[in-house]
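# Tertiary structure, described
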Amino acid sequence: MSTLRAADAASIEDAAKILRDGGLVAFPTETVYGLGADATNDRAVAAIFAAKERPRFNPLIVHVPDMETAKRLVTFTPAARWLAERFWPGALTLVLPRLAGTPLSLLVSAGLDTVAVRVPSEPIAQKLIAAARIPIAAPSANASGEVSPTTAEHVRQSLRDKVDLILDGGPTRLGLESTVIGFDNGKPVMLRPGSLARVTIEAVAGPLGRPADETIASPGQLASHYAPDAKIHLNAVSAGPGEVLLAFGPATGATRNLSPSGDLAEAAANLFAMLRELDAMNPRAIAVMPIPDHGLGEAINDRLRRAAAPRGLRA
Ligand code: TXA
Ligand code: MG
């Protein structure tokens with residue numbers, strides 16, 4: 001099994017050395033745990049795909065300490081600079097053109113001429129990136145097709161012996177992946193809803209566009225990317241025979257409740273951990289009560305629809 005250590009100064013130093021030497025480190029961000037490798041090292045980046053057993057190369061998010069570092073890797077448009085200044089560090093990923101001569105591995109872009117970059121706010125992630133002094137490529141630290149990990153123990157269960165070190169920083173604060181924004185002729189478009197709500201972004205950037213071509217815009221987004229093993233039954237009012245109930249808001253007969261008070265941030269933080277717990281009960285299906293589609297509800301419903309999609313589309 002992979003080594004799991006509490007994220008203190010000594011383990012973060014060791015983790016940074018493993019990354020510089022081309023190894024794999026799982027670490028907490030404010031959204032979900034990431035599976036990190038040196039983003040400038042092709043072999044290290046390839047090891048991420050091998051560990052996740054991804055059926056194909058999806059482009060990865062590159063984590064950097066600040067905007068100055070990001071500017072040495074990608075080209076910022078005015079709208080991108082404005083969004084970064086407003087929301088970094090935080091749960092916002094920007095997809096931008098690779099800078100000519102960038103030291104980044106071509107594999108992090110999976111053949112595209114763009115790179116996704118983000119400055120995480122979680123102090124453990126910040127310290128790790130600072131200690132490593134390299135940009136860190138990191139997808140969510142789960143095997144392909146499983147839900148994203150929000151605890152170090154989820155990472156260990158999912159990736160078993162494939163990581164050199166897992167830094168344990170407790171449950172992640174937000175629990176849902178970052179919001180991914182791309183640009184179409186300089187105008188921001190929503191590629192993946194996530195922990196930073198659309199309304200929060202639109203309040204400063206104006207209405208977000210829709211990607212012109214879904215497949216090119218967000219190549220990692222196969223329909224059932226977030227699927228647990230159990231079938232998912234959406235918009236349920238109660239559990240049917242053999243089903244478990246994932247409730248939202250006041251409810252009777254809930255097996256788990258994302259947020260009894262109807263708080264979408266609490267629901268986002270609980271979503272992946274509760275899906276795992278319910279899946280482990282081997283129910284006939286997981287019945288999920290309706291979640292309002294505003295604020296963080298957009299990202300929660302996106303993940304639930306993917307979890308409910310037919311198996312054939314599994315990533
Ligand atoms: O919160 C997060 O974003 C976590 C933490 C670890 O930072 N990371 C994460 O990575 O969720 P991953 O690999 O599971 O998802 C990356 C998403 C995918 O939907 C992928 O298609 C999109 O970002 N993406 C990455 N690079 C892209 C690019 N060059 N063009 C378009 N989409 C890209
Ligand atoms: Mg993922």
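This write-up is about the structure you can find in this document. (Residues numbered from 1 in each chain as written. Chains lettered and ligands numbered in written order. Predicted model: local features only at pLDDT ≥ 70, side-chain atom pairs only at ≥ 80, totals over all residues. Heavy atoms only, no water.)

### Description of the pairing of strand E12 (residues 243–247)
Burial analysis of E12 places five of its five residues in the buried class, which makes it a mostly covered element. Residues Glu 243, Leu 245 and Ala 247 of E12 are buried on one face, and the alternating residues Val 244 and Leu 246, pointing to the opposite face, are buried as well. Both E12 and strand E14 (residues 285–288) contribute to a ladder of four bridges, which runs parallel. By the bridge assignment for E14, Val 244 is matched with Ile 286. (Buried < 20%, exposed > 50% of the residue type's maximum accessible area, 1.4 Å probe, protein only. Helix = DSSP H or I, 4+ residues; strand = E, 2+ residues; numbered from the N terminus. Pairing = 2+ DSSP bridges.)

### Details of the sheet that holds strand E6 (residues 114–118)
Across a sheet, strands are paired by hydrogen bonds formed along the backbone, either parallel or antiparallel in direction. The strand order across the open sheet built from 10 strands is E1-E8-E2-E3-E7-E4-E6-E5-E9-E10, with neighbouring strands paired in mixed fashion. Of all strands in the sheet, those bounded by a partner on one side alone are strand E1 (3–6) and strand E10 (187–192). Sheet strands in contact with helix H6 (residues 152–159) are E1, strand E2 (25–28), strand E3 (33–38) and strand E8 (165–168), and its direction is about 160° off that of E8. (Contact = heavy atoms within 4.5 Å. Axes fitted to C-alpha atoms, helices over the stretch in contact; angles between N-to-C directions.)

### Focus: the environment of Asn 257
As for its placement among the helices and strands, Asn 257 is situated in strand E13 (residues 256–257). Measuring from C-alpha to C-alpha, the distance between Asn 257 and Ala 247 comes to 4.5 Å, with 10 residues separating the pair along the chain. Residue contacts for Asn 257: discarding those within four places in its chain leaves Ala 247, Phe 248, Gly 249, Ala 251, Asn 270 and Met 274. Separated by 2.9 Å, the side chain of Asn 257 and the backbone oxygen of Gly 249 make a polar contact. (Polar contact = N/O pair within 3.5 Å; in protein donor to acceptor, adjacent residues only side chain to side chain.)

### Section: the packing of aromatic side chains
Taken as a whole, this structure holds one aromatic pair when the rule is applied. Ring centres of Phe 76 and Trp 88 lie 6.1 Å apart, and the angle between their planes is 90°; this geometry places the pair in the edge-to-face category. Separated by 12 residues along the polypeptide, Phe 76 in the loop between helix H3 (67–71) and helix H4 (78–87) and Trp 88 in the loop between H4 and strand E5 (92–97) bring together distant segments of the chain. Classification of Phe 76 by relative accessible area gives buried; the value is 10%. (Phe/Tyr/Trp six-rings, centres within 6.5 Å; stacked < 30°, edge-to-face > 60°.)

### Some thoughts on the packing of helix H9 (residues 264–279) against helix H10 (residues 297–308)
Packing of H9 against H10 leaves a shortest axis separation of 9 Å and a crossing angle of 25°. Viewed along their axes, H9 and H10 adopt a mutual orientation that is roughly parallel. Crossing of H9 over H10 shows left-handed handedness. Each of Leu 264, Ala 267, Ala 268, Leu 271 and Phe 272 in H9 lies in contact with H10, whose residues at this interface are Gly 297, Ile 300, Arg 303 and Leu 304. Class assignment for the residues of the contact of H9 with H10 results in seven nonpolar, one polar and one charged. (Parallel < 35°, antiparallel > 145°, perpendicular 65-115°, else oblique. Left-handed = near helix turned anticlockwise from the far one by under 90°. Nonpolar A, V, L, I, M, F, W, Y, C, P; charged D, E, K, R; others polar.)

### Regarding the environment of Ala 50
Along the chain, the position of Ala 50 falls in helix H2 (residues 42–52). For the pair Ala 50 and Lys 162, spaced 112 residues apart in sequence, the C-alpha separation works out to 8.8 Å.

### Points about the nonpolar core
Residues Val 62, Phe 76, Trp 88, Leu 92 and Leu 94 are the most contacted members of the largest nonpolar core, which totals 46 residues. For this core, the elements supplying multiple residues, two or more each, are E3, H2, H3, H4, E5, E6 and H6. Core analysis: the second largest hydrophobic core is formed by 26 residues, Leu 271, Ile 286, Ile 291 and Leu 296 among them. (Core = buried A, V, L, I, M, F, W, Y, C linked by side-chain atoms within 4.5 Å.)

### A short note on helix H5 (residues 123–132)
Spacing of three or four residues puts side chains on the same side of an α-helix, whose turn is 3.6 residues. Within the sequence span of H5, burial applies to Ile 124, Ala 125, Leu 128, Ile 129, Ala 131 and Ala 132. Down the axis of H5, the sector holding all buried residues measures 165°, keeping them to one side. Packing partners of the buried residues in H5 comprise helix H1 (9–20), E2, strand E4 (61–63), strand E7 (136–137) and E8. Just past H5, the residue Arg 133 takes up positive phi, approximately 55°. (Arc of directions from axis to C-beta.)

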